[in-house]
Amino acid sequence: MQVFEKKSALIHCLSLLKGKNKQVGFVPTMGALHKGHQSLVLKSIENNDITVVSIFVNPTQFNNVDDLKKYPKTLKKDLELLENSGCDIVFIPSVEEIYAKTVVSKIYSFDGIENQMEGKFRKGHFDGVATIVQTLFEIIEPTNAYFGEKDFQQLQIVKKLVEKEELPTKVIGCPIYREKDGLAMSSRNIRLSNEQRLEVPLIYKTLKKAIEFAKTKSIKDIYDFVQNEFDASSLKLEYFTIAEESTLKEVSEINFNEKNRAFIAVNVGQIRLIDNLSL
Ligand code: AMP
């Protein structure tokens with residue numbers, strides 16, 4: 001496995017491989033890797049000649065300075081996991097290597113998808129995400145890029161980015177990888193106390209019940225049920241939304257002919273967790 005910090009060296013290495021007609025799979029990450037990330041890496045390895053993983057905690061997608069400061073960093077373990085998984089190339093650039101002089105995002109428009117859910121609660125987040133994804137795609141020029149449905153809105157934004165900017169990469173969504181008790185794996189889970197860890201399975205449990213209720217109850221009853229579940233716990237519900245997968249617009253009634261999905265964001269002390277489930 002080769003590790004690069006400089007984009008010029010990475011571009012040179014990739015140009016030699018692409019000259020040999022190799023298909024490149026790419027998995028962008030912010031590190032603190034877990035089995036969810038690994039599932040994307042394994043999928044890339046299965047379907048490409050070369051797999052590149054980037055580890056870069058992108059400052060412009062954090063709307064909360066404290067969240068950025070406390071973002072877990074486990075580089076040595078991450079490199080071990082990637083090596084053991086069969087990854088070929090890891091890119092670990094510095095902030096200066098990516099942003100040169102000014103650490104700012106480009107401003108994008110994604111037909112309104114960026115204003116729903118996470119867009120309402122994390123101002124500027126998706127401009128930061130799109131900026132780093134476009135920058136990395138332009139450096140790596142991957143054939144295929146793998147993103148988790150864990151960040152479903154991000155996945156839709158990246159698909160739109162590729163369409164609008166006419167980038168020559170296929171974006172592939174991968175299912176959410178969960179702990180045995182249903183908790184969606186997340187780098188932020190490491191920050192949970194033992195007590196908090198025992199409480200957070202409520203997120204998936206409530207999502208599952210909400211999906212079940214969607215077959216028989218009104219939207220209002222489902223929203224009330226979810227709010228009550230969290231009011232009775234120490235977790236703080238930031239939003240619960242049932243939305244159309246393609247536009248991410250909240251639906252006023254459930255239509256089983258359209259693809260609908262339930263989305264949730266919860267604060268556990270200072271830690272913010274998100275999850276979603278298809279209806
Ligand atoms: P992150 O390091 O959090 O930026 O995540 C990097 C990629 O891994 C993103 O495409 C995420 O959606 C994906 N990912 C994170 N957690 C999971 C999970 N539990 N299951 C599947 N994919 C995930």
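Residues numbered from 1 in each chain as written. Predicted model: local features only at pLDDT ≥ 70, side-chain atom pairs only at ≥ 80, totals over all residues. Heavy atoms only, no water.

Draft legend 1. Region of interest: the nonpolar core. With 43 residues, the main nonpolar core has I89 and F137 as its most contacted residues. In terms of residues, this core owes the most to one element, helix α7 (residues 125–140), which gives 9 residues. When residues of this core are sorted by domain, at least three fall in each of domain 1 (2–174) and domain 2 (187–278). Contact partners of F137, with chain neighbours within four places excluded, come to F26, P142, A145, F147, V158, V162, L167 and T169. Listed in part, the 29 residues of the second largest apolar core include L202, Y223, A262 and I271. (Core = buried A, V, L, I, M, F, W, Y, C linked by side-chain atoms within 4.5 Å. Buried < 20%, exposed > 50% of the residue type's maximum accessible area, 1.4 Å probe, protein only. Helix = DSSP H or I, 4+ residues; strand = E, 2+ residues; numbered from the N terminus. Domains from an automatic or database assignment. Contact = heavy atoms within 4.5 Å.)

Draft legend 2. Up close: the sheet that holds strand β6 (residues 170–174). Strand order in this open sheet of 6 strands is β1-β4-β3-β2-β5-β6, and the pairing throughout is parallel. The open sheet terminates on both sides in strands that have one partner only, identified here as β1 (2–4) and β6. For this sheet the average axis-to-axis angle between neighbouring strands, irrespective of direction, equals 25°. Here helix α1 (residues 7–19) sits on the sheet in contact with β1, β2 (24–29), β3 (50–55) and β4 (89–91), set at roughly 150° to β4. Across the face of the sheet, helix α4 (residues 75–85) comes into contact with β1, β3 and β4 while running at roughly 170° to β3. (Pairing = 2+ DSSP bridges. Axes fitted to C-alpha atoms, helices over the stretch in contact; angles between N-to-C directions.)

Draft legend 3. Expanded view of helix α11 (residues 219–231). Counted at 1.5 Å a residue, the expected span for α11 with its 13 residues is 18 Å, and the 18 Å between its end C-alpha atoms agrees. Restricting attention to buried positions, one finds in α11 the residues I219, I222, Y223, F225, V226 and F230. Buried residues in α11, looked at end-on, bunch into an arc of 160°, giving them a common side. Across from the buried face of α11, at angles greater than 90 degrees, the exposed residues are K220 and D231. (Expected span 1.5 Å × (residues − 1). Arc of directions from axis to C-beta.)

Draft legend 4. Here's a closer look at the site of the ligand. Around the ligand, 17 residues are found, and the nearest of them are M30, H37, D151, Y177 and M185. At 2.9 Å, a backbone N or O of M30 approaches an oxygen atom of the ligand. Within the side chain of H37, an N or O atom sits 2.9 Å from an oxygen atom of the ligand. Protein contacts shield 93% of the accessible area of the ligand, which totals 490 Å² for the unbound molecule. Those elements giving two or more residues to the shell around the ligand turn out to be β2, α2 (35–47) and β5 (144–148). With 3 residues, α2 is the largest single contributor of residues to the shell around the ligand. Of the residues contributing to the shell around the ligand, the split by class is 9 nonpolar, 6 polar and 2 charged. (Near = heavy atom within 4 Å. Polar contact = N/O pair within 3.5 Å; in protein donor to acceptor, adjacent residues only side chain to side chain. Areas by Shrake-Rupley, 256 points an atom, 1.4 Å probe, with all protein chains shown as cover. Nonpolar A, V, L, I, M, F, W, Y, C, P; charged D, E, K, R; others polar.)

Draft legend 5. Layout of the environment of I92. Checked against the element boundaries, I92 lands in the loop between β4 and α5 (95–99). Between the C-alpha atoms of I92 and F225, which are 133 residues apart in sequence, the distance is 44 Å. With sequence-adjacent residues up to four places away left out, I92 is seen in contact with V3, F4, E5, I55 and L75.

Draft legend 6. Here's a closer look at unusual backbone geometry. Even without glycine at this site, A100 takes up a positive phi of about 50°. Tracing the chain through its elements places A100 in the loop between α5 and α6 (118–121). Residue classification places A100 among the exposed positions, given a relative accessible area of 59%. The phi torsion at D111 lies on the positive side, around 60°, for a residue other than glycine. With respect to the helices and strands, D111 occurs in the loop between α5 and α6.

Draft legend 7. Focus on the domain arrangement of the protein. When cut into domains, the protein gives domain 1 (2–174) and domain 2 (187–278). Using only C-alpha atoms to locate each centre, domain 1 and domain 2 end up separated by 26 Å. On the domain 2 side, the residues contacting the 22 residues of domain 1 number 19 residues. For the pairing of domain 1 and domain 2, the buried interface totals around 1,900 Å² over both sides, and the portion due to carbon and sulfur atoms is 55%. Taken together, the connections running from domain 1 to domain 2 amount to 4 salt bridges. Note that R188 and D67 form a salt bridge whose closest N and O atoms lie 2.9 Å from each other. Counting every contact that joins domain 1 to domain 2 gives 9 residue pairs in polar contact (both at pLDDT 80 or more). Every element with two or more residues in the side of domain 1 that touches domain 2 is listed here: α3 (65–69), α6 and α8 (152–164). Broken down by element, the side of domain 1 that touches domain 2 gets its largest block of residues, 3 residues, from α8. (Buried area = accessible area lost by both parts, 1.4 Å probe. Salt bridge = Lys/Arg side-chain N within 4 Å of Asp/Glu carboxyl O.)

Draft legend 8. Fine view of the sheet that holds strand β9 (residues 271–278). The strand order β7-β8-β9 describes an open sheet built from 3 strands, whose pairing is antiparallel. Looking at strand neighbours, the two that pair on one side only are β7 (236–244) and β9, the edges of this open sheet. Ignoring strand direction, the axes of neighbouring strands in this sheet form an average angle of 15°. One ladder, built from 8 bridges, connects strand β8 (residues 260–268) with β9; its direction is antiparallel.

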